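So the chains spell out like this:
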Amino acid sequence: MKWRDLSECGARTLADGATRVCVRITRHEGLHQDRTGQAWETECETLARLRARWGHRWHIVYTGRTWIATTYRRPGLRPQVESAPTPGRLEKQLTRAPAPRTPLIPDPRNRDG
């Protein structure tokens, strides 16, 4: 019989100012779950998911309190910035935000003439 680690996962997150601790077994699959049965993703997992979905248009960071998305720097354009206290609200804002515009770049000058 193969030995299986049944200790608790122990992943932690802050939700509504209270610390939540995962009580599922170590190396479990899927979302984390606290003693009340509520499931959640860790901040790292949420950040990875947001970057996978929105990373082609937005640079996304988590400051510990706020989720922030900025457009990538493009010559001649101001960066767009969206921020929200939760990842769900940030996703709603990104869905409604206009697509970042592509700057008009003039054709390269002819060096021969």
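Please refer to the structure placed before this passage.
Cut-offs applied
- Residues numbered from 1 in each chain as written.
- Predicted model: local features only at pLDDT ≥ 70, side-chain atom pairs only at ≥ 80, totals over all residues.
- Heavy atoms only, no water.
- Buried < 20%, exposed > 50% of the residue type's maximum accessible area, 1.4 Å probe, protein only.
- Helix = DSSP H or I, 4+ residues; strand = E, 2+ residues; numbered from the N terminus.
- Arc of directions from axis to C-beta.
- Contact = heavy atoms within 4.5 Å.
- Core = buried A, V, L, I, M, F, W, Y, C linked by side-chain atoms within 4.5 Å.
- Salt bridge = Lys/Arg side-chain N within 4 Å of Asp/Glu carboxyl O.
- Expected span 1.5 Å × (residues − 1).

Visitor: Any chance you could explain helix 2 (residues 87-96) here in plain terms?
Guide: One turn of an α-helix holds 3.6 residues; hence residues three or four places apart share an orientation. Among the residues making up helix 2, those that are buried are Leu90, Glu91, Gln93 and Leu94. All buried residues of helix 2 fall inside an arc of 160 degrees around its axis, so they share one side. Away from its buried face by more than 90 degrees, helix 2 exposes Lys92, Thr95 and Arg96. Where the residues of helix 2 are buried, they touch helix 1 (43-54), strand 5 (58-62), strand 6 (67-71) and strand 7 (81-84).

Visitor: Would you take a moment to explain the nonpolar core for this structure?
Guide: A general feature of soluble globular proteins is that nonpolar side chains tend to end up buried together. By size, the foremost hydrophobic cluster in this structure holds 11 residues: Leu47, Leu50, Trp54, Trp58, Ile60, Trp67, Ala69, Ala84, Leu90, Leu94 and Ala97. Within the residue set of this core, elements represented by two or more residues are helix 1, strand 5, strand 6 and helix 2. Looking at this core, the element that brings in the most residues is helix 1, giving 3 residues. Aside from chain neighbours lying at most four places away, what touches Leu47 is Ile60, Val61, Tyr62 and Trp67.

Visitor: What should I look at first to understand the pattern of salt bridges in this one?
Guide: For side chains bearing opposite charge, pairing can occur when the charged atoms are close. Across all of its chains, the model carries 2 salt bridges by this definition. The salt bridge involving Arg49 is made with Glu91; its shortest N-O contact spans 3.2 Å. Pair noted here: Arg49 is in helix 1 and Glu91 is in helix 2, with a separation of 42 residues, a long-range link. Across the pair Arg53 and Glu91 runs a salt bridge whose closest N-O atoms are separated by 3.1 Å. Residue Arg53 is found in helix 1, and its partner Glu91 is found in helix 2; the two are separated by 38 residues along the sequence. Of the residues examined, Arg53 reaches a relative accessible area of 48% and is grouped as partly exposed. On the basis of relative accessibility, which here comes to 15%, the residue Glu91 falls in the buried class.

Visitor: Help me out: how do you make sense of the environment of His56 in this one?
Guide: Its place among the elements puts His56 in the loop between helix 1 and strand 5. Assessed through its relative accessible area of 57%, His56 is described here as exposed. His56 sits 16 residues away from Tyr72 along the chain, and the two C-alpha atoms are 9.1 Å apart.

Visitor: What am I meant to see in helix 1 here?
Guide: End to end, helix 1 covers 16 Å across 12 residues, agreeing with the expected 16 Å (1.5 Å per residue, within 8%). Every buried residue of helix 1 is listed here: Thr46, Leu47, Leu50 and Trp54. Take helix 1 and look down its axis: the buried residues cluster within an arc of 100 degrees, on one side only. Residues of helix 1 that are exposed and point over 90 degrees away from its buried face: Cys44 and Ala52. Check the buried side of helix 1 and you find it contacts strand 5, strand 6 and helix 2.

It is worth stressing that arrangement in space is one thing and function is another; only the former is reported here.
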